[in-house]
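Results of the structural survey
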Amino acid sequence: MYMKDLDSQLERQWQKKLQKKREDEARQKELEEKEKQKKRQEKKAEKERRRREHEVRREQEILAQSGDTSDEDINREREKQKYNGSHKAGKRGKGKKGGSCVKLVLFSFLALIIALLVAIDFHCNASQRDQLCITYWHPARSQVLAAWTQSKIFLTNFYHRHIEKLFF
């Protein structure tokens, strides 16, 4: 009788432990689910914010291109966009400015190189007796023009052989 009582008491303790363990696991799953839901909502809110910013920028571009709006309307839209952007700005907003700076620097560098090449070409065409132009620039220029002509011929032939068939 004593053993039966002891056995039933141990069984009840074991059931209580098991029940507590199940409740803890259920609470943990609920917390994890809430965290996942919170992350989903944050992502959704961020996506919605970016979409709104894109729409505002798009409207600004359309207004600026149409020319029928005043500077006051454009400034109001910019201020609205700044407020929305700075109100919930995260780390991503800071990175976009750096990317456009890099693009601007690379574009400026490319424009400088092109301007330099044009200046050299004008100089060498104007002074036919310059030894550096005769030695280096004229051969390089003729090779570039030949390569340009060859690539135009290649692209024309490629178009006629492959692309034109798709449309006609």
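Rules behind the numbers
Residues numbered from 1 in each chain as written. Predicted model: local features only at pLDDT ≥ 70, side-chain atom pairs only at ≥ 80, totals over all residues. Heavy atoms only, no water. Helix = DSSP H or I, 4+ residues; strand = E, 2+ residues; numbered from the N terminus. Buried < 20%, exposed > 50% of the residue type's maximum accessible area, 1.4 Å probe, protein only. Contact = heavy atoms within 4.5 Å. Polar contact = N/O pair within 3.5 Å; in protein donor to acceptor, adjacent residues only side chain to side chain. Expected span 1.5 Å × (residues − 1). Bend = angle between axes of the 7 residues up to and from the residue. Phe/Tyr/Trp six-rings, centres within 6.5 Å; stacked < 30°, edge-to-face > 60°. Salt bridge = Lys/Arg side-chain N within 4 Å of Asp/Glu carboxyl O. UniProt positions renumbered as here; feature names shortened; annotations may be inferred. Disulfide = S-S within 2.5 Å.

With that out of the way, let us pick up the overall build of the chain. Regarding its fold elements, the chain presents four helices and zero strands. Going from the N terminus to the C terminus, the chain shows its helices and strands as α-α-α-α. Classification of the 168 residues of the chain by burial places 8% in the buried group. Within the chain, contacts between residues separated by at least 24 positions form 29% of all contacts whose residues are at least 6 apart in sequence.

One can find arginine 49 in helix α1 (residues 2-66). Among the polar contacts made by the side chain of arginine 49, one reaches the side chain of glutamate 53 at a distance of 2.4 Å.

Moving on to helix α4 (residues 131-167). When the terminal C-alpha atoms of α4 are compared, their 52 Å separation across 37 residues agrees well with the 54 Å that a helix rising 1.5 Å per residue should span. The largest bend in α4 is about 40 degrees, located at histidine 160.

Our next topic: the packing of aromatic side chains. Per the counting criterion, the structure on display carries one aromatic pair. Their ring planes at 25 degrees and their centres at 6.3 Å tell us that phenylalanine 154 and phenylalanine 158 sit as a pair that is stacked. Here phenylalanine 154 pairs with phenylalanine 158, and both are found in helix α4, just four residues apart, close to one helical turn. Residue classification places phenylalanine 158 among the partly exposed positions, given a relative accessible area of 36%.

All chains considered together, the criterion is met by twelve salt bridges. When the shortest N-O distance is used, the salt bridge between glutamate 48 and arginine 51 registers 2.2 Å. Taken together, the residues glutamate 48 and arginine 51, both in helix α1 and three residues apart, mark about one turn of the helix. Judged by relative accessible area, glutamate 48 falls into the partly exposed class, the value being 31%.

In this section: the UniProt feature "transmembrane region" (unreviewed entry) in the chain. Taking the UniProt record as the reference, the feature "transmembrane region" (unreviewed entry) is found at residues 101-120. Measuring from the first to the last C-alpha atom of residues 101-120 gives 29 Å, for a span that is 100% helix and 0% strand.

Here we come to the side chain of aspartate 121. Within the fold, aspartate 121 resides in helix α3 (residues 91-126). Residue class for aspartate 121 comes out buried when judged on its relative accessible area of 18%. One polar contact links aspartate 121 to arginine 141, side chain to side chain, over a distance of 2.7 Å. Discounting chain neighbours no more than four positions away, the residues touching aspartate 121 are Trp137 and Arg141.

With respect to the helices and strands, the residue serine 108 is situated in helix α3. Residue serine 108 is classed as partly exposed on the basis of its relative accessible area, which comes to 40%. At 2.8 Å, the side chain of serine 108 forms a polar contact with the backbone oxygen of leucine 104.

Right, let's get into the state of the cysteines. Considering all chains together, one arrives at one disulfide under this definition. Across a sulfur-sulfur distance of 2.0 Å, cysteine 124 and cysteine 133 are joined as a disulfide pair. As the torsion about the S-S bond is roughly -70 degrees, the cysteine 124-cysteine 133 disulfide counts as left-handed. By relative accessible area, which is 2% here, cysteine 124 ends up buried.

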